[in-house]
Amino acid sequence: MKKMMIALFTGFISLSAVAQSDAAKALVAKMTLEEKISLVVGMGMKIPGMNASDGALVGQTMDKVAGAAGTTFSIDRLGIPTTVVADGPAGLRIEPTRAADKNTYYATAFPVGTLLASTWDTKLVQQVGTAMGNEVKEYGVDVILGPGLNIHRNPLGGRNFEYYSEDPLIAGKITAAMVNGIQSNGVGTSIKHFALNNQERNRNTVNAVVSERAMREIYLKGFEIAVKESNPWTIMSSYNKLNGTYTSEEYDLLTTILRKEWGYKGIVMTDWFGGKDAVAQMKAGNDLLMPGTPMQKKAISDAVNSGALDVKVLDENAARLVAYILGTPSYKKYAFSNKPDLKAHAAVVRNAAANGMILLKNETAALPFAKNVQTIAVFGNTSYDFISGGTGSGDVNEQYTVSLVEGLSNAGNKVDNDLKGSYEKYLGGYKTLHPKKSFFEEFVNPTPRAGELTIDKETLAKKAAATDIALITIGRNAGEGADRKVENDFNLTAAEQTLIKDIAAAFHAVHKKVVVVLNVGGVIEMASWQNQVDAVLLAWQPGMEAGNSVADVLNGKVNPSGKLATTFPVKYDDVPSAKNFPGKEFPEQATKGMFGMTQMPAEVTYEEGIYVGYRYYNTFNVKPAYEFGYGLSYTNFNYSNIKLSNTSFNKQMTVTADITNTGKVAGREVVQLYLTAPAAKLDKPSAELKGFAKTGLLAPGQKETVSFTLTESDLASFNTNATAWIADAGKYTVKIGASSLNIKQTTSFEMAKEVVTQKCNKVLVPQVEIHELKR
Ligand code: BGC
């Protein structure tokens, strides 16, 4: 059991900076072989209940910041300090309390990645990053292990909440904004998991078999944007294999593409205990092995001594690492306060969260609450036990989470006390039966959420008579180590279906409305039940101010302006990767890995190719429940006056359109630009997102002109035969819309001649034929 606690994670890591490369090389020249090796292998981590005799895999982690995930080695004689890395995307994950210390070290739980992407607001995300980075710095950490930007390939992905979108443009732009915000504090980020870590099942062994085109266009594109637009100090390679090789051991991924093609200057670190062959990792350009084990040091040392590893390779890895260290607060001896302004950051959370919530449905103007709504009947366990964020390393040790009922009370709404009492009693009892477990215990054996409290029809009838509106929260949580399931997770449980049905019947019988709040980290099925309710607010997992942010939207203090960056399909079987997720397992080849854990060889083939998310649904006319880019507002917007700067394309083109608030309240609109490219030479999706803009807060009647710039690369697709990005000649249709299916304005231009926008290296070619989906 201890043994199972393994692996998978935790921690800290080191980061990288750019500039100091000469100084770094000079320092490396002064190092002994042992010192160089110490540097490229982290200091290890403590796993509760384990010690070196369990396999000598555990190093001597330094508790510089309790609860951080890892540290790098110090070389005192050369003035090189230990640096500290800590998780993770939704805020800094450190221990909130420390032995023999009365102070607390709570960090802010920010909204999860999926919510932040739903704001489509890079300025806002940068503000979130700035606040988060301040906590990193003031708690003495050098690098935060995030943001995460793997693609939402399948709604069951256990870590989707940590990631942004099914679309690489929005994932890349949001990541760049986040990295720029965090790093403006003089601390680093580790964008992760590079690349194709799109599932948790068998994440340490699975071989992702993917075409060059899908890899480049869908799975690497976001990383490329982030590297070019924000220069993250560090990148974390992923656990999985890519076309046969562990990503952390793949030279063509970490060096040919990342460094040579994209110009990345920072360090690459492994995910915790990721990959197998330390020497191959060094050669690939994976500079830092985390959390670091004595065995890895020995392997590298033996390889240098036998000539299997050229010491020059190690020198380069070490020099990049030193360059990173020279840029860190630890090197600069920053006197951190341990007192970030948590109150100010809570205000950032509340605002960001409200701006990323999505109004999916609002019939008969059920929301915002009408003036005659006095008392609210609040149903659903989750209303009383709201979920701020997901589990695993993406979790944060925050001081509090404002529940929905607390948020409503804070806003002056009156909630039905009798229901409140029943739910609190029920949930209190459940908590007593399931006391809080440690991080590792919870990882190995997650506590299930309490089943929905059953409320009989008679009580519902009484409540419908006594209150003015019903609010039901549906909650979902997930995290690293496991994917979600179709039954009782993607699909609602029978108890949830019954609750919705019975409440809708009781309240509608007396002409009162029913509103559902979705407190989920990922996509769920909605088609079977949403017709029964009047309004649905997708609140995602909004961070620690949760209930306050939801109340702001329900009361109309904030007009919802979030839109979906991931599709809600009608049913799971509609998902293009459904038949290739999580792939095949080969139990007969299973072995025992680290700490005696079973290593199950597995393979997943990306047969849907580039047709991920809306690229699939819209091209193949599969109607989703809610499409990519969708989201309602309490007001309406009119789109007009689309204009191009030129009629034919020459290097670049500006597209403008006017957006006018035609409704009665102020609001913001997310405006999306989709492009349909000529498909004579290559199969292409019906349209792809190529730009987005969010208006300012427009007063009723107010107009804003939004502007987009298209460059040659925006027109290009990856042509596998030519191993190049090519903008084909022909007609391009520009579509400006309120969602991927709600196109408001269309125009077109001609591209006279094809342009090769980037020639690439023929690398990472799949070793088997993939029967990819084609139009
Ligand atoms: C996760 C990473 C995390 C690391 C350190 C791993 O299990 O996959 O995302 O940063 O642990 O905690």
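Residues numbered from 1 in each chain as written. Predicted model: local features only at pLDDT ≥ 70, side-chain atom pairs only at ≥ 80, totals over all residues. Heavy atoms only, no water.

Overview of the overall build of the chain
Inference 1: Looking only at helices and strands, the chain features 22 helices and 31 strands.
Inference 2: For the chain, the C-alpha radius of gyration of 26 Å lies close to 28 Å, the compact-globule estimate for 775 residues.
Inference 3: Across its three principal axes, the chain shows a C-alpha extent of roughly 80 × 70 × 55 Å.
Inference 4: Taking the contacts inside the chain whose residues are at least 6 apart along the sequence as the reference set, 79% of them involve residues at least 24 apart.
Inference 5: Of the accessible surface of the chain, which amounts to about 28000 Å², a share of 51% is contributed by carbon and sulfur atoms. (Helix = DSSP H or I, 4+ residues; strand = E, 2+ residues; numbered from the N terminus. Rg over C-alpha atoms; globule rule 2.2 N^0.38 Å. Contact = heavy atoms within 4.5 Å. Areas by Shrake-Rupley, 256 points an atom, 1.4 Å probe, with all protein chains shown as cover.)

What about the pairing of strand β4 (residues 101–104)?
Inference 1: Sheet topology places strand β3 (residues 97–98) next to β4; two bridges connect them, and they run antiparallel. Paired with Arg98 across the strands is Asp101, a residue of β4.
Inference 2: Adjacent in sequence and paired antiparallel, β3 and β4 are bridged by two residues, among which Ala100 carries a positive phi angle near 50 degrees. (Pairing = 2+ DSSP bridges.)

Thoughts on the sheet that holds strand β10 (residues 245–246)
Inference 1: Spatially, five strands are ordered β10-β9-β7-β21-β18 in an open sheet, and the strand pairing comes out mixed. The open sheet terminates on both sides in strands that have one partner only, identified here as β10 and β18 (584–585).
Inference 2: In this structure, strand β9 (residues 241–242) lies alongside β10, joined through two bridges in antiparallel fashion. The partner of Lys241 across the bridge, within β10, is Tyr246.

A word on the packing of aromatic side chains
Inference 1: Within this structure, the stated rule accounts for 20 aromatic pairs.
Inference 2: When the ring of Phe379 is compared with that of Phe507, the centres are 6.0 Å apart and the planes differ by 85 degrees; the resulting orientation is edge-to-face. Here Phe379 is found in strand β13 (residues 375–379), whereas its partner Phe507 is found in helix α19 (residues 494–509), with 128 residues between them in sequence.
Inference 3: Taken together through their ring pairs, the aromatic side chains of Trp120, Tyr614, Phe628, Tyr674 and Phe692 make up a single cluster. (Phe/Tyr/Trp six-rings, centres within 6.5 Å; stacked < 30°, edge-to-face > 60°.)

Remarks on the environment of Ala284
Inference 1: Tracing the backbone through its elements, the reader meets Ala284 in helix α9 (residues 278–284).
Inference 2: The spacing of Ala284 and Leu682 is 398 residues in sequence and 32 Å in space, taken between C-alpha atoms.
Inference 3: If sequence neighbours within four positions are ignored, Ala284 has contacts with Ser248, Glu249, Glu250, Tyr251, Leu254 and Thr255.

Some words on the nonpolar core
Inference 1: Grouped together as the largest cluster of nonpolar side chains are 161 residues, with contacts concentrated most on Phe379 and Leu518.
Inference 2: Apart from the residues lying within four places of it in its own chain, the contact partners of Phe379 are Leu419, Tyr423, Ile455, Leu460, Lys463, Ala470, Leu471, Ile472, Thr473, Ile503 and Phe507.
Inference 3: By size, the runner-up hydrophobic cluster in this structure holds 44 residues, among which are Met31, Val85, Ile267 and Leu321. (Core = buried A, V, L, I, M, F, W, Y, C linked by side-chain atoms within 4.5 Å. Buried < 20%, exposed > 50% of the residue type's maximum accessible area, 1.4 Å probe, protein only.)

A short note on the packing of helix α12 (residues 342–356) against helix α20 (residues 546–554)
Inference 1: The geometry of α12 relative to α20 is characterised by a closest axis approach of 8 Å and an angle of 50 degrees between their N-to-C directions. Between α12 and α20, the angle is such that the two are oblique. In the crossing of α12 with α20, the sense of the turn from one axis to the other is right-handed. Of the residues in α20, those in contact with Val349, Arg350, Ala353 and Ala354 of α12 are Asn548, Ser549, Asp552 and Val553.
Inference 2: Considered class by class, the residues forming the contact of α12 with α20 number four nonpolar, two polar and two charged. (Axes fitted to C-alpha atoms, helices over the stretch in contact; angles between N-to-C directions. Parallel < 35°, antiparallel > 145°, perpendicular 65-115°, else oblique. Left-handed = near helix turned anticlockwise from the far one by under 90°. Nonpolar A, V, L, I, M, F, W, Y, C, P; charged D, E, K, R; others polar.)

What to know about the sheet that holds strand β8 (residues 234–237)
Pairing between sheet strands relies on hydrogen bonds along the backbone, with the strands arranged either parallel or antiparallel.
Inference 1: Pairing is mixed in the open sheet, where six strands are placed in the order β1-β2-β5-β6-β8-β11. In the strand order of this sheet, the two ends are held by β1 (70–71) and β11 (267–269), each with one partner.
Inference 2: Pairing between strand β2 (residues 84–87) and strand β5 (residues 143–145): three bridges, direction parallel. Paired with Val85 across the two strands is Val143, which belongs to β5.
Inference 3: Across the sheet, helix α5 (residues 168–183) is in contact with β5 and β6 (188–194); its angle to β6 comes to roughly 150 degrees.
Inference 4: Contacts from helix α7 (residues 221–230) reach β6 and β8 within the one sheet, and its direction differs from that of β6 by about 165 degrees.

Details of helix α2 (residues 33–40)
Inference 1: Of all eight residues in α2, six are buried; the element is thus mostly enclosed.
Inference 2: Where α2 is buried, its residues touch α1 (21–29), α9, α10 (294–306) and α11 (311–326).

Some details on the pattern of salt bridges
Inference 1: One pass over the structure, following the stated rule, counts 39 salt bridges.
Inference 2: The salt bridge partner of Lys173 is Glu229, with a shortest N-O separation of 3.0 Å. Of this pair, Lys173 sits in helix α5 while Glu229 sits in helix α7, and the two are 56 residues apart along the sequence.
Inference 3: Notably, a salt bridge pairs Glu496 with Arg476, separated by 2.8 Å at the nearest N-O pair. Here Arg476 lies in the loop between β15 (469–475) and α18 (486–490) and Glu496 lies in helix α19, a separation of 20 residues in the sequence. Of the two residues examined, Glu496 and Arg476, each falls in the buried class. (Salt bridge = Lys/Arg side-chain N within 4 Å of Asp/Glu carboxyl O.)

Considerations on the environment of Glu249
Inference 1: If you trace the backbone, Glu249 turns up in the loop between β10 and α8 (251–261).
Inference 2: Linking Glu249 and Lys276, residues 27 residues apart in sequence, is a C-alpha distance of 8.2 Å.
Inference 3: In contact with Glu249, other than residues within four places in its own chain, are Gly275, Lys276, Asp277, Ala280, Gln281 and Ala284.
Inference 4: Within the structure, Glu249 has its side chain in polar contact with the backbone nitrogen of Asp277 (distance 2.7 Å). (Polar contact = N/O pair within 3.5 Å; in protein donor to acceptor, adjacent residues only side chain to side chain.)

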